[in-house]
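These are the residues of each chain, in order.
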Amino acid sequence: MVGLLLLALATAILIAAPQVQGAPGVSIGIAQVVATALSVMALGNGLVQFLSWWRKRGAPASAPTSADIGTAKDILSGLVTQQWRDETVLRSLCDPEPMPLPWRSTARRELSDHPEIIAKGTVAFPGLDVHIQDMARNFRALRSRRLVILGAPGTGKTTLAVQLVLELLRTRSPEEPVPVLLSAGRWDDRVHPRLQDWVATSLAMDYPALRAEALGPDIPETLVARGEVLPVIDGLDELPDRVRADTLAALNRSMCETDQLILTCRTAQFAESIQEIGDVLTAAAVIEPQPMSPVAAADYLQACLPPVPHPVWPRVLEALRAGTAPALSQVTSTSLGLWLVRATYIAPRVDPTPLLELGRGSAAELHDHLYDRLIPALVTARPPADGPAQPFRPQHAWTPEQVGNWLTYLSRQLTRRAEDPRDMAWWHLARYAPSRPVRVWAAIAIGIVVALVFTLLTHEPLAGATIGLLAALAVVILIGSWFTESPGHADFQLRGRLLDLFRVLRDGLIVGALGALIGFLMANPMGVGLEGARNIALLSGIGFVMVLSLIRWVERPTPAATARSPRSTWQADRNLTAIRIVSGLVVGLMAGAIGLQARLPMSVAIVGGLLLGLLFGLMLGSHHAWLAYKLTVPRLATKGRLPLRAMDFLDDAHRLGLLRTEGPYYQFRHIELQQHLARERAVSPGGGA
């Protein structure tokens, strides 16, 4: 693709040159210089890539040291801790205290392995009311440290997994593995048949700090292969039936005696998969939640109330304790139901009388009522922050109707993606609309701009139209892959990469020397002269370094930046785009300076050079997710499906507590909320699905 772009630009320059007013010989000479330099860069690009492949063909790979592994574990531990501490605060998991949901070992013998294989003596987790510190201690006492957390929807499986991750991190000794929470929906066992391969790929994708050159090569793979990572796989039940059973079988195939694991799944789906494969998860303890008693639920809600609550609250709590509101008792027997009541009636300080009325009906109706109230309640209870940004308050004003309609659209898009029904990435928005119309309109716009500029410069409409058409065709061809690319980031770190930087400069010298040789051979036959040969050498060498080699050295193929958040990946890819554009403009200015030296009109030299440099900067590189996002979101906004400031909205939905983040991805905080929106809510007339 790079070669196509370079050759297209060279052709455009040769076409336009004879039309430029001024001295014809001068125009043709500078056109030959620039076109030849572009051709040399294309030739040099292929030559350097071939030499790089040849050098690496037989080079032995170095292994990371013990110090590298220890440093990598500390970095990973810090990143995971920061990520889930923020989520814990956002979800109010410990405010004012953890929800009093009891857990114990399952009584269904067909779901777990032989007790003597799981733990020494009695099976762990025998108690009904286990504190998180005791839970972590019991987990460490297991022979293989494998645990399956089962439960019905909304019973707090993910909450317990998050709390376990944080407690294991807080009390981790240097020799213990680092727990990392991963979504089961992201594992495709056809691509990664082994658990270790998938975990290593996820680490490299979600925690790119592990790929720093200073840590040595292949650190994510090494950490996983040596058992230094504890996978905490959340949401096995979200996989299709056949895939879920295959995943359980793959877990048993993948794990050796010392491999550790924590897994969450709904009880019914786990039982079905166990029956289908005819085996349990080897050496894993299996625990289930016990329903929270109405008294415990009432005590928890009372602790969340302000000192002087609404006068109806005592009646609600009394009905809950006395069992005269059976639907309310059933809803608040799970952590999800408790959170819904708290979010919809306690946080916004509203009259809880509907809880008494609906609490005497059916639990399904009460659940739907709470979900319908959730978005308006959260938007009302958390108004935009005044002044500096606050982590748990939105930064922009959205109406409840807007938030509901936009989240409904996203929930329906996720539902249609059977291969990945939970992870929502900002670069996926470019896949929610057909890319062909966007590409065509972008190509038309760029082609018109290029045609107008060159027509004004050359006063030749035919030349301008020809160059505009070539530019439009190049855009249509080259940006097709943008809409499926993952984001990247620029890495200017010199430590451990100086040798690579010297190779970049060396390759530039090689290409410059190649340009000088070709220019010298062209000096007499083509009439470019020795000065033209020198210009070819300079433009070829510097242009190659600035817009090809240096970009390859800076650009890192990863969908997450070190700060591990969706916003950071968006900013990182945007910054990478800006760096490419600046590099292209530098080369464009250099080409313009050569044109001025050759006595071309200033407008032709400078404007033409900058325009070509801008095209270079936009088209080169292999990460254009931010550009694809910018091309797609306006189209979605005009149809009412998302706001024009889509990233701001997603960030605010996270601050409101409607979405959560997992690495560079957004997810609905509860899968039940996502399903409720996709099933129940109607999209506004302007925002069809």
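### Re the packing of aromatic side chains
Scanning the model with the defined rule gives 10 aromatic pairs in all. When the centroid spacing of 6.0 Å and the interplanar angle of 90° are considered together, the rings of Trp426 and Tyr629 count as edge-to-face. Highlighted residues: Trp426 in the loop between α17 (400-416) and α18 (435-458) and Tyr629 in helix α24 (residues 625-638), separated in sequence by 203 residues. Ring centres 5.6 Å apart and planes at 50° place the aromatic pair Trp427 and Tyr665 in the tilted group. Of the two residues, Trp427 is situated in the loop between α17 and α18 and Tyr665 in strand β10 (residues 665-668); the sequence distance between them amounts to 238 residues. The pair Trp427 / Tyr665 is uniform in exposure class, with both members buried. A connected cluster of aromatic rings, assembled from ring pairs, spans Trp426, Trp427, Trp570, Trp626, Tyr629 and Tyr665. For the cation-ring pair, Arg373 lies above Tyr345, with the distance from its terminal atom to the ring centre recorded as 4.5 Å. If you follow Arg567 out to its NZ or CZ, it ends over the ring of Trp570, 5.0 Å from the centre.

### Quick look at the pattern of salt bridges
Evaluation of the coordinates by the stated rule reveals 16 salt bridges. Ionic pairing is found between Arg567 and Asp651, a salt bridge with its closest N-O pair at 2.6 Å. Within this pair, whereas Arg567 is found in helix α22 (residues 566-597), its partner Asp651 is found in helix α25 (residues 646-656), the two being separated by 84 residues in sequence. The pair formed by Arg567 and Asp651 is uniform in burial state, with each residue classed as buried. Of the charged contacts in the structure, one is a salt bridge between Arg655 and Asp652, with a shortest N-O distance of 3.2 Å. Placement of the pair is Arg655 and Asp652 together in helix α25, with a separation of three residues, close to one helical turn. The pair formed by Arg655 and Asp652 is uniform in burial state, with each residue classed as buried. Salt bridges linked by common partners bring Arg140, Arg145 and Glu176 together as one network.

### Some remarks on a nonpolar patch on the surface
A contiguous nonpolar surface patch, about 510 Å² in accessible area, is contributed by Val440, Trp441, Ile444, Ile448 and Leu452. Along the chain, Val440 turns up in helix α18.

### Re helix α10 (residues 267-277)
Among the residues making up α10, those that are buried are Thr267, Phe270, Ala271, Ser273 and Ile274. The buried residues of α10 all sit within an arc of 165° when viewed along its axis, so they share a single face. Contact partners of the buried residues in α10: β2 (146-151), α9 (241-254), β5 (261-266) and β6 (285-289). Positioned one or two residues after α10, Gly278 has a phi angle of 70°, which is positive.

### Observations concerning the pairing of β2
In terms of burial, β2 is largely enclosed, as six of its six residues are buried. By the alternation rule, side chains of β2 split into Arg146, Val148 and Leu150 and Leu147, Ile149 and Gly151, which are all buried. As paired elements, β2 and β5 share six bridges and run parallel to each other. Bridge pairing in β5 places Leu150 opposite Cys265. Here three bridges tie β2 to β6, and the two strands are oriented parallel to one another. Note that in β6 the partner of Val148 across the bridge is Val286.

### Things to note about the sheet that holds β6
Read from one edge to the other, the open sheet built from six strands follows the order β1-β6-β2-β5-β4-β3, with strand pairing classed as mixed. Two strands lie at the open edges of the sheet, namely β1 (103-105) and β3 (178-183), each paired on one side alone. Sheet twist, expressed as the mean angle between neighbouring strand axes with direction ignored, is 20°. α10 rests against β2, β5 and β6 of the sheet, and its axis sits at about 110° to β5.

### Here we look at the nonpolar core
Counting 155 residues, the largest nonpolar core has Leu251, Phe270, Leu407 and Leu410 as its most contacted members. When sequence neighbours within four positions are dropped, the list of residues in contact with Phe270 reads Leu111, Val148, Leu150, Leu236, Leu248, Leu263 and Cys265.

### Some details on unusual backbone geometry
A positive phi is found at Ala283, a non-glycine position, where the angle reads about 60°. Of note in the backbone geometry, Arg349 takes a positive phi value of approximately 60° without being a glycine.

### Thoughts on the side chain of Asp237
Looking at the element boundaries, Asp237 is found in the loop between β4 (229-234) and α9. There is a polar contact of 3.1 Å between the side chain of Asp237 and the backbone nitrogen of Arg266.

### Remarks on the packing of helix α11 (residues 294-304) against helix α12 (residues 313-322)
Closest axis-to-axis distance for the α11/α12 pair is 7 Å, and the angle between their directions is 160°. Relative to α12, α11 is oriented roughly antiparallel. Between α11 and α12 the crossing geometry is left-handed. Residues Pro294, Val295, Ala297, Ala298, Asp299, Leu301 and Gln302 of α11 touch α12, and the partners they reach there are Leu317, Leu320 and Arg321. In the contact of α11 with α12, the residues fall into seven nonpolar, one polar and two charged.

### Topic: the environment of Leu410
If you trace the backbone, Leu410 turns up in helix α17. Spatially, the C-alpha atoms of Leu410 and Leu677 are 9.2 Å apart, while their sequence positions differ by 267 residues. Discounting chain neighbours no more than four positions away, the residues touching Leu410 are Met424, Leu429, Tyr432, Leu642, Phe649 and Leu650.

### Digging into the confidence of the model for the protein
Per-residue confidence for the protein gives a mean pLDDT of 77, with 71% of residues at or over 70. In the predicted structure, residues 559-563 sits below a pLDDT of 50 and forms 20 contacts with residues beyond four places in sequence or in another chain.

### As for the environment of Leu614
Within the secondary structure layout, Leu614 lies in helix α23 (residues 602-619). A C-alpha to C-alpha distance of 5.6 Å links Leu614 and Gly584, two positions 30 residues apart in sequence.

### Overview of helix α7 (residues 195-206)
An ideal rise of 1.5 Å per residue puts 16 Å on 12 residues; α7 measures up with 16 Å between its terminal C-alpha atoms. Taking burial as the measure, the 12 residues of α7 include nine buried ones, the bulk of the element.

Cut-offs applied
Residues numbered from 1 in each chain as written. Predicted model: local features only at pLDDT ≥ 70, side-chain atom pairs only at ≥ 80, totals over all residues. Heavy atoms only, no water. Phe/Tyr/Trp six-rings, centres within 6.5 Å; stacked < 30°, edge-to-face > 60°. Helix = DSSP H or I, 4+ residues; strand = E, 2+ residues; numbered from the N terminus. Buried < 20%, exposed > 50% of the residue type's maximum accessible area, 1.4 Å probe, protein only. Lys NZ or Arg CZ within 6 Å of the ring centre and 35° of its normal. Salt bridge = Lys/Arg side-chain N within 4 Å of Asp/Glu carboxyl O. Patch = residues over 30% accessible without salt bridge, like charges linked within 9 Å, V, L, I, M, F, W, Y side chains within 5 Å. Areas by Shrake-Rupley, 256 points an atom, 1.4 Å probe, with all protein chains shown as cover. Arc of directions from axis to C-beta. Contact = heavy atoms within 4.5 Å. Pairing = 2+ DSSP bridges. Axes fitted to C-alpha atoms, helices over the stretch in contact; angles between N-to-C directions. Core = buried A, V, L, I, M, F, W, Y, C linked by side-chain atoms within 4.5 Å. Polar contact = N/O pair within 3.5 Å; in protein donor to acceptor, adjacent residues only side chain to side chain. Parallel < 35°, antiparallel > 145°, perpendicular 65-115°, else oblique. Left-handed = near helix turned anticlockwise from the far one by under 90°. Nonpolar A, V, L, I, M, F, W, Y, C, P; charged D, E, K, R; others polar. pLDDT = per-residue confidence, 0-100. Expected span 1.5 Å × (residues − 1).

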